[in-house]
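In case you want the letters, here they are:
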Amino acid sequence: MPTDPYAWLEHSLATIHRADWYRSVQTIHGRPGATVVLAGQEVINFASNDYLGLAGDQRLMAAATAAIAEFGTGSTGSRLLSGHRELHRDLEEAIAFTKQTEDALVFSSGYLANLGTITALVGKRDLILSDQYNHSSLKNGAILSGAVVLEYPHCDIAVLKTQLSQQRQNYRRCLILTDTVFSMDGDLCPLPALLDLADEFSCMLLVDEAHATGVLGKTGAGCVEHFGCTGKQLIQVGTLSKALGSLGGYVAGSSALIDFLQNRAPTWIYTTGLSPADTAAALAAIKIVQQEPQRRAQLWQNVHYLKNLLQQLPNLKLLPSESPILCFQLPSATDALKAGKQLRDAGIFAPAIRPPTVPTSRIRISLMATHEAAHIDKLVAVLKDISSLVRF
Ligand SMILES: *Cc1c(COP(=O)(O)O)cnc(C)c1O
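Just so we're clear, the structure is a prediction, and the values are computed from it rather than from any experiment.

What counts, and where the lines are drawn
Note on numbering: residues in each chain are counted from 1, in written sequence order. Totals for whole chains, interfaces and linings use all residues, but because this is a predicted model, local features are given only for residues with pLDDT of at least 70 and pairs of side-chain atoms are given and counted only at 80 or more. With hydrogens and water set aside, each side-chain value is computed from the structure's full complement of heavy atoms. Pairing between strands is defined by DSSP: at least two bridges between the two strands are required. Counting from the N terminus, the helices are DSSP H or I runs at least four residues long and the strands are E runs at least two residues long. In these notes, residues near a molecule or strand are those with any non-hydrogen atom within 4 Å of it. Pairing of N or O atoms within 3.5 Å defines a polar contact, subject to two protein rules: one partner must be a possible hydrogen donor and the other a possible acceptor, and residues neighboring in sequence count only if both atoms are side-chain atoms. Areas reported here follow the Shrake-Rupley algorithm with a probe of radius 1.4 Å; residue values treat only the protein chains shown as occluding. Ten residues, namely Ala, Val, Leu, Ile, Met, Phe, Trp, Tyr, Cys and Pro, are considered nonpolar, four, namely Asp, Glu, Lys and Arg, are considered charged, and the remaining ones, Gly among them, are considered polar. Note on contacts: a residue pair is in contact if any heavy atoms of the two residues lie within 4.5 Å. Note on method: axes are straight lines fitted to C-alpha atoms, helices fitted across the in-contact stretch only, with angles between N-to-C directions ranging 0 to 180 degrees. We call a set of buried residues a nonpolar core when its members are Ala, Val, Leu, Ile, Met, Phe, Trp, Tyr or Cys and they connect through side-chain atoms within 4.5 Å of each other. For every residue, the accessible area obtained with a 1.4 Å probe (protein chains only) is divided by the maximum for its type, and the residue is called buried under 20%, exposed over 50%, and partly exposed between those limits. Domain start and stop points were drawn from an automatic or database domain assignment. Put simply, a patch holds well-exposed residues, over 30% relative accessible area, that have no salt bridge, with like charges counted together within 9 Å and Val, Leu, Ile, Met, Phe, Trp or Tyr side chains within 5 Å. Only one rule defines a salt bridge in this text: a Lys or Arg side-chain nitrogen within 4 Å of an Asp or Glu carboxyl oxygen. By the definition used in this description, the sense in which the near helix is turned from the far one sets the handedness, with an anticlockwise turn below a right angle giving left-handed and a clockwise turn giving right-handed.

A. How the structure looks around the pairing of strand β3 (residues 41–45). Where strand β2 (residues 35–38) lies against β3, four bridges are found, and the strand directions are antiparallel. Opposite valine 37, over in β3, you have glutamate 42 as the bridge partner. In sequence, β2 turns back onto β3 through a hairpin of two residues, with alanine 39 there showing a positive phi of about 45 degrees. Relative to strand β13 (residues 348–349), β3 runs parallel, the two sharing two bridges. Along β13, the bridge assignment pairs asparagine 45 with phenylalanine 349.

B. Representation of the site of the ligand within the structure. Taken together, 14 residues surround the ligand, and among them Gly110, Asp208, His211, Thr239 and Lys242 come closest. One nitrogen or oxygen atom from the side chain of threonine 239 is found 2.6 Å from an oxygen atom belonging to the ligand. Within the side chain of lysine 242, a nitrogen or oxygen atom sits 2.5 Å from an oxygen atom of the ligand. Look at the ligand: alone it shows 380 Å² of surface, and the protein chains cover 85% of it. Considering only residue class, the shell around the ligand consists of two nonpolar, nine polar and three charged.

C. Region of the structure containing the sheet that holds strand β11 (residues 317–318). A sheet is described by the order of its strands in space; here four strands give the open sequence β11-β12-β15-β14, paired in antiparallel fashion. Both edges of this open sheet fall to β11 and β14 (352–353), since each of them pairs with a single strand only. Its contacts with the sheet put helix α12 (residues 293–310) on β11, β12 (325–329) and β15 (362–366), and the angle it makes with β12 is roughly 25 degrees.

D. Broad picture of the sheet that holds strand β1 (residues 28–29). Across the sheet, four strands lie side by side as β1-β2-β3-β13; this open sheet has mixed pairing. At either end of the open sheet lies a strand with only one pairing partner, and these are β1 and β13. Running over the sheet, helix α13 (residues 333–345) touches β2, β3 and β13 and is turned about 115 degrees from β3.

E. Here's a closer look at the nonpolar core. Counting 68 residues, the largest nonpolar core has Ile95, Leu240, Leu306, Leu343, Ile363 and Ile365 as its most contacted members. Among the elements that make up this core, the one with the highest residue count is helix α11 (residues 276–291) (ten residues). Two domains each provide a minimum of three residues to this core, namely domain 1 (23–51 + 293–387) and domain 2 (58–291). Contacts of leucine 343, omitting those with residues within four sequence positions, involve Ile348, Ala350, Ile363, Leu379, Val382, Leu383 and Ile386.

F. Local environment of a nonpolar patch on the surface. There is a patch of nonpolar side chains on the surface, built from Leu13, Ile16, Trp21 and Tyr22 and spanning about 340 Å² of accessible area. Inspection of the secondary structure assignment puts leucine 13 in helix α1 (residues 7–18).

G. Focus on the packing of α13 against helix α14 (residues 373–389). Two elements in contact, α13 and α14, have axes separated by 10 Å at closest approach and are oriented at 145 degrees. For the pair α13 and α14, the sense of crossing is right-handed. Contacts from Ala339, Gln342 and Leu343 of α13 reach α14 at Leu379, Val382, Leu383, Asp385, Ile386 and Leu389. Looking at side-chain class alone, the contact of α13 with α14 contains seven nonpolar, one polar and one charged residues.

H. Quick peek at the pattern of salt bridges. Tallied over the entire structure, the rule returns 14 salt bridges. Note that arginine 295 and aspartate 57 form a salt bridge whose closest N and O atoms lie 3.4 Å from each other. With a gap of 238 residues between them, arginine 295 in helix α12 and aspartate 57 in the loop between β3 and α2 (58–71) connect regions that are remote in the sequence. Aspartate 57 matches arginine 295 in its accessibility class, with the two residues each being buried. The partner of arginine 59 in a salt bridge is glutamate 292, with the nearest N and O atoms 2.5 Å apart. Of this pair, arginine 59 sits in helix α2 while glutamate 292 sits in the loop between α11 and α12, placing them 233 residues apart in sequence. The exposure class assigned to arginine 59 is partly exposed, which follows from its relative accessible area of 37%.

I. Up close: unusual backbone geometry. Cis peptide bonds are those with omega within 30 degrees of zero, and the linkage from proline 355 to proline 356 qualifies with 10 degrees. One can find proline 356 in the loop between β14 and β15. Positive phi, close to 45 degrees, is recorded for alanine 39, a residue that is not glycine. As for its placement among the helices and strands, alanine 39 is situated in the loop between β2 and β3. Given the relative accessible area of 56%, alanine 39 is considered exposed. Positive phi is not limited to glycine here, since glutamine 100 has a value of about 55 degrees. As for its position among the elements, glutamine 100 is in the loop between α3 (86–99) and β4 (103–107).

J. Highlighting the environment of lysine 232. In this structure, lysine 232 sits in the loop between α8 (223–226) and β9 (235–239). Overall, lysine 232 belongs to the partly exposed group, its relative accessible area being 47%. A sequence separation of 150 residues divides lysine 232 from serine 82, and the C-alpha atoms of the two residues are 35 Å apart.

Take a look at the structure:
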């Protein structure tokens, strides 16, 4: 009697439920913003990556609709065949200008940018060193590349140096991978030390600026600018879908790098070019980032305002953060879900992040430039109640 080859799905789901790891979608109605309607209830939104509040901005929407009117909805093919438009080039030039790199290349998502770039740069004879807390797209890009992958403990430069001195000489090329702002923690990578090590051991360094672009640095260019490392040789990947309020990803770096990726990155060559609407919205967003530093200033003012208020809640275990992402650790997935629900009942949308996404359960808050003081005050009031109940 043959067994049902799909029966394991139900068993697996039951295990996921038992561990309180089960996840499902939640419907947001209307436009994104500092407040949103979530399943019929208006909530203050601390769950979005729309740091500058641009995803619902009239200028991005106007740019997207104008692009649809002129170019239609689909780009109809891969960039190397029928999918390339002047808009793509305009966006790539704007990204390269912001990043102060020779060139840039736009992908259909940040995830694809990481997969394609890593697989193009290294293979079986090569070594990847990767921060333990890196984003899934870096981790899966590393696996897909076929290179030998070693993880180093989160931001641990000493261990990374030991791994390099023991292993570097056994491989052809070496690539170090790191988020710049760690997406589920909010802390920053030690970029200057990583650049020094890359230099010393002749390694390429790829940094993922997904949560830093538009947020960090004097002109919003990202963590590289924040650390004064603009102009150094390195590979910068990022997304158009967070502070830039659109969809898509990019790589910025030398002309040779971009030229090579156009010939060797499978997730760029064999996928459809970014849609005209997404491309035009991202281009409008880059211009706003360049022309309206006050948005970024307001975002950071909100970060400082919240951090100040949190000092009154010493019970809360706030993870180290130097970004608009602030996380409160909780003893278990069940506690995190309970806290998430309590926030939600009080009209605050802040998700519980649980294993396997992160090693320890937490509530993750992300701030926006468009949050008002009253929004943050309300958040702190509810966190106060939660912190008096949690037992570690
Ligand atoms: C969101 C994110 C990505 C993926 O970007 P998408 O454009 O959403 O595919 C990659 N890396 C990091 C660190 C991210 O946070």
